[in-house]
Amino acid sequence: QVQLEDSGGDLVPPGGSLTLSCAVGGSTSVRSWEMAWFRQAPGKEREFVATIRRNSYTYYEESVKGRFTISRDNAKNTVYLQMNSLRPEDTAVYYCAAGVIILSGMRSASGYRHWGQGTRVTVSS
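As the structure is a prediction and not an experimental result, all values here were calculated from the model.

Visitor: Before we go on, may I ask you to explain the state of the cysteines in this structure?
Guide: Simply put, the disulfide is a covalent bond whose two ends are the sulfur atoms of two cysteines. One pass over the full model with this rule turns up one disulfide. Each sulfur of the disulfide joining Cys22 and Cys96 lies 2.0 Å from the other. A torsion of -75° about the S-S bond marks the disulfide between Cys22 and Cys96 as left-handed. Residue Cys22 is found in strand S3 (residues 18-25), and its partner Cys96 is found in strand S9 (residues 92-99); the two are separated by 74 residues along the sequence. In this structure, Cys22 and Cys96 share a single accessibility class: buried.

Visitor: Just checking my understanding: could you explain the pattern of salt bridges for this structure?
Guide: Note that side chains of opposite charge can pair when their charged atoms are close. Following the criterion strictly, the structure yields six salt bridges and no others. Across the salt bridge formed by Arg53 and Glu34, the nearest N and O atoms sit 3.9 Å from each other. Linking Arg53 in the loop between strand S5 (47-52) and strand S6 (58-60) with Glu34 in strand S4 (residues 34-40), this pair joins segments that are 19 residues apart in sequence. Like Arg53, the residue Glu34 is buried in the burial classification. One salt bridge connects Asp90 with Arg67, and the closest N-O pair in it is separated by 2.8 Å. With Asp90 in the loop between strand S8 (78-83) and S9 and Arg67 in the loop between S6 and strand S7 (68-73), this residue pair connects regions lying 23 residues apart in the sequence.

Definitions and limits used
- Residues numbered from 1 in each chain as written.
- Predicted model: local features only at pLDDT ≥ 70, side-chain atom pairs only at ≥ 80, totals over all residues.
- Heavy atoms only, no water.
- Disulfide = S-S within 2.5 Å.
- Helix = DSSP H or I, 4+ residues; strand = E, 2+ residues; numbered from the N terminus.
- Buried < 20%, exposed > 50% of the residue type's maximum accessible area, 1.4 Å probe, protein only.
- Salt bridge = Lys/Arg side-chain N within 4 Å of Asp/Glu carboxyl O.

This is the structure we're talking about:
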């Protein structure tokens, strides 16, 4: 059983920074999975934000490129999402996800088998 615990959400002003964490539990290694972050704003569908593949390649949604960085700490079995230059439109509940997914399917939420409970990020002055 894979357990994902995401945390780190907070209220930050526009232009601020925040780091989200996703701890992987359940006797499994973070290196065994394609790990991703999705987000869901009020009234909108869940959307892809970023992924780090098992081979360590990373991919980002266009609007967060250059502002967000996904990374993985194998020793801590944790994935991070460093978010800089935050904008009001980044406001959402952010979810960590894990799966074994081919490259062409990495942006689809339906392909990920395991999910965290979500952590809320609010960007507002």
